[in-house]
Amino acid sequence: MTTPGYSEKESWPLWEVFVRAGRGLSHVHVGSLHAPDATLAVRNARDLYTRRREGLSIWVVPAAAVTTSDPDARDEWFESPAGKNYRHAVYYTHAEGVRHL
Amino acid sequence: MSATRTADDVHGDIHRDVHGDIHGDVHVDAVELDPELVGAGGADADHDVAQYAQWLGDDALVLAQRLGAWISRAPELEEDIALGNIALDLVGQARSLLHHAGTADGRSEDDLAYFRDETEFRSSWLVEQPNGDFAATIARQLVASTYMHELYARLQHASEPTLAAIAAKAVLEVAYHRDHAVQWTLRLGDGTDESRRRMVAGLDAVWPYVDELFADTPLIDRLGDRAVRPSTLREPVLAALRDVLRQAGLAEPDLPPAPCGGRAGRHSEYLGYILAEMQVLARQHPGASW
């Protein structure tokens, strides 16, 4: 991360924002923003995503720290399970002679 | 104030009487304080409380107008939104305070915001100071929010119930404004040579106007525990400011106070221009709602 103003064509790094809406719920991704550092990213997130009492807590993560699946590989990765009943346990019948399964 | 309602309202029409001339007979919608704002339906203020509420309301209103000028001009989109949100908080505080002030003599918050002349405003010189660059705005914001936070933290315990209720809500808002200003002061003061130079220049520009915030007047004597005595804020506010400056590696400016007269209606050369821009629409279309 460079100091703001250090390089000639400065651009703040991108952060992913997660907001927890209530007790017992998990943090949910709500969007992203630019900020020079993590401390200001949390504040910017507060201004951008929680102005209407949406949240109890905010997480920010450098977008560069998030490793994602390849969007172009979506078809192979997330193919419908239809026609693949063998993936489910109930597909298999008891073997003969196994009494206590 | 109605000029600063939600974006949905901004594009509404000026309501014209269908039977009237296009330039006249503008409908007057009663301006009511939004129920979410403190002070709606509250008790009437007496003359002294009204004067004091104008001090605070005018500070918030003028500073909001200054900060609003940053929208679309800030260094980054995120700062546009941060400064705009701070301005909106201040408009909310100004609405509550001016509404309360107006109950003393039957004037509305809009009457007080848009139909008072420069000499009738009671804002401090600090909030009138030009935006300058981003560092200058942060310097002004650091002083203003530190002062407001200390003020509202005490005013929420004042014996005047409406002022106390307004302060109780405002103290949470200005705590965030102060945090925002502190974060940027640390980064600009302890950043590059250029950011430091600008932050020092910004502090030098606003420092002569700090002293006015702590001046007591006969009004304060009459109000007693219904208000906060400004001189009692001097030490905690300056201590808080010095602490931030120390962390940011900045020296406290060694500058004499400027002769200010905002609480008596004597203003710097800047307020007239601010009011001209803020009031022009309301004065050209009296009674219009938008």
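Residues numbered from 1 in each chain as written. Chains lettered and ligands numbered in written order. Predicted model: local features only at pLDDT ≥ 70, side-chain atom pairs only at ≥ 80, totals over all residues. Heavy atoms only, no water.

**Considerations on the overall build of chain A**
Okay, so step 1: What chain A contains, in helices and strands, is two helices and three strands.
Okay, so step 2: Helices and strands appear in chain A in the N-to-C order β-β-α-β-α.
Okay, so step 3: Across the 101 residues that make up chain A, the buried fraction comes to 24%.
Okay, so step 4: Within chain A, contacts between residues at least 6 apart in sequence are counted, and of these 40% link residues at least 24 apart.
Okay, so step 5: On chain A, roughly 8000 Å² of surface is accessible, and the fraction owed to carbon and sulfur atoms is 53%. (Helix = DSSP H or I, 4+ residues; strand = E, 2+ residues; numbered from the N terminus. Buried < 20%, exposed > 50% of the residue type's maximum accessible area, 1.4 Å probe, protein only. Contact = heavy atoms within 4.5 Å. Areas by Shrake-Rupley, 256 points an atom, 1.4 Å probe, with all protein chains shown as cover.)

**Structural notes on the packing of helix α2 (residues 47-68) of chain B against helix α6 (residues 134-155) of chain B**
All names here are of chain B.
Okay, so step 1: At a minimum axis distance of 12 Å, the contact between α2 and α6 shows a crossing angle of 150 degrees. Comparing their axes, α6 and α2 come out roughly antiparallel. Note on packing geometry: the crossing formed by α2 with α6 is left-handed. Taken together, the residues of α6 that come into contact with α2 (itself represented by Tyr 52, Leu 56, Asp 59, Ala 60, Leu 63, Arg 66 and Leu 67) are Thr 137, Arg 140, Gln 141, Ala 144, Tyr 147, Met 148, Leu 151, Tyr 152 and Leu 155. (Axes fitted to C-alpha atoms, helices over the stretch in contact; angles between N-to-C directions. Parallel < 35°, antiparallel > 145°, perpendicular 65-115°, else oblique. Left-handed = near helix turned anticlockwise from the far one by under 90°.)

**What about unusual backbone geometry?**
All names here are of chain B.
Okay, so step 1: With a phi close to 80 degrees, Ser 72 is a non-glycine residue in the positive phi region.
Okay, so step 2: Examined against the element boundaries, Ser 72 turns out to sit in the loop between α2 and α3 (77-102).
Okay, so step 3: Looking at Ser 72, the relative accessible area reads 49%, which means it is partly exposed.

**Quick notes on the interface of chain B and chain A**
Okay, so step 1: In this assembly, 13 residues from chain B lie in contact with 15 residues from chain A.
Okay, so step 2: For the pair chain B and chain A, the summed buried surface comes to about 1400 Å²; carbon and sulfur atoms form 55% of the total.
Okay, so step 3: Linking chain B to chain A there are two salt bridges.
Okay, so step 4: Of the charged contacts, one joins A:Asp37 and B:Arg187 as a salt bridge, the two residues approaching to 2.6 Å between their closest N and O atoms.
Okay, so step 5: At the surface where chain B touches chain A, the tally comes to six residue pairs in polar contact (both at pLDDT 80 or more).
Okay, so step 6: Counting residues per element, the side of chain B that touches chain A draws most heavily on α3(B), which supplies six residues.
Okay, so step 7: Looking at side-chain class alone, the side of chain B that touches chain A contains four nonpolar, three polar and six charged residues. (Buried area = accessible area lost by both parts, 1.4 Å probe. Salt bridge = Lys/Arg side-chain N within 4 Å of Asp/Glu carboxyl O. Polar contact = N/O pair within 3.5 Å; in protein donor to acceptor, adjacent residues only side chain to side chain. Nonpolar A, V, L, I, M, F, W, Y, C, P; charged D, E, K, R; others polar.)

**Here we look at the packing of aromatic side chains**
Okay, so step 1: The final tally for this structure, using the stated rule, is seven aromatic pairs over all chains.
Okay, so step 2: Arranged with centres 5.0 Å apart and planes meeting at 85 degrees, the rings of A:Tyr91 and A:Tyr92 form a pair that is edge-to-face.
Okay, so step 3: When its relative accessible area of 48% is taken as the criterion, A:Tyr91 is described as partly exposed.
Okay, so step 4: What makes A:Tyr92 exposed here is its relative accessible area of 52%.
Okay, so step 5: Taken together, the ring pairs connect A:Trp12, B:Trp70, B:Phe134 and B:Trp184 into an aromatic cluster.
Okay, so step 6: Looking at A:Arg46, its charged tip hangs above the ring of B:Tyr176, at a distance of 3.5 Å from the centre.
Okay, so step 7: Over the aromatic face of B:Phe121 sits the side chain of B:Arg116, whose NZ or CZ is 4.2 Å from the ring centroid. (Phe/Tyr/Trp six-rings, centres within 6.5 Å; stacked < 30°, edge-to-face > 60°. Lys NZ or Arg CZ within 6 Å of the ring centre and 35° of its normal.)

**Things to note about α3(B)**
Okay, so step 1: Taking 1.5 Å as the rise per residue, α3(B) with 26 residues should run 38 Å; its terminal C-alpha atoms sit 37 Å apart, in good agreement.
Okay, so step 2: Counting buried positions over the 26 residues of α3(B) gives 22, a clear majority of the element. (Expected span 1.5 Å × (residues − 1).)

**Structural notes on the environment of B:Ser268**
Residues and elements named next belong to chain B.
Okay, so step 1: One can find Ser 268 in the loop between α10 (234-247) and α11 (271-284).
Okay, so step 2: Once residues lying within four places of it in the same chain are set aside, the contact partners of Ser 268 are Glu 118, Trp 125, Glu 128 and Gln 129.
Okay, so step 3: A distance of 2.5 Å separates a polar atom in the side chain of Ser 268 from a polar atom in the side chain of Glu 128.

**With respect to the side chain of B:Ser123**
Residue and element names in this part refer to chain B.
Okay, so step 1: Mapped onto the elements of the fold, Ser 123 is located in the loop between α4 (109-114) and α5 (125-128).
Okay, so step 2: For Ser 123, a relative accessible area of 0% translates into the label buried.
Okay, so step 3: In this view, Ser 123 contacts Asp 58, Asp 59, Val 62, Glu 128, Gly 262, Arg 263, His 267 and Leu 271; residues no more than four positions away in its chain are not counted.

**Observations concerning the confidence of the model for chain A**
Okay, so step 1: Overall, the predicted model of chain A reaches an average pLDDT of 84, with 88% of residues at or above 70.
Okay, so step 2: Confidence scores differ between elements of chain A, with helix α2 (residues 74-77) of chain A showing the lowest mean pLDDT of 84 and strand β3 (residues 57-62) of chain A the highest of 96. (pLDDT = per-residue confidence, 0-100.)

**Description of the pattern of salt bridges**
Residues and elements named next belong to chain B.
Okay, so step 1: Tallying each qualifying case throughout the model produces 21 salt bridges over all chains.
Okay, so step 2: Among the salt bridges present, the one from Arg 229 reaches Asp 221, with a minimum N-O distance of 2.7 Å.
Okay, so step 3: Taken together, the shared-partner salt bridges in this structure form one network comprising Asp 133, Glu 194, Arg 197 and Arg 198.

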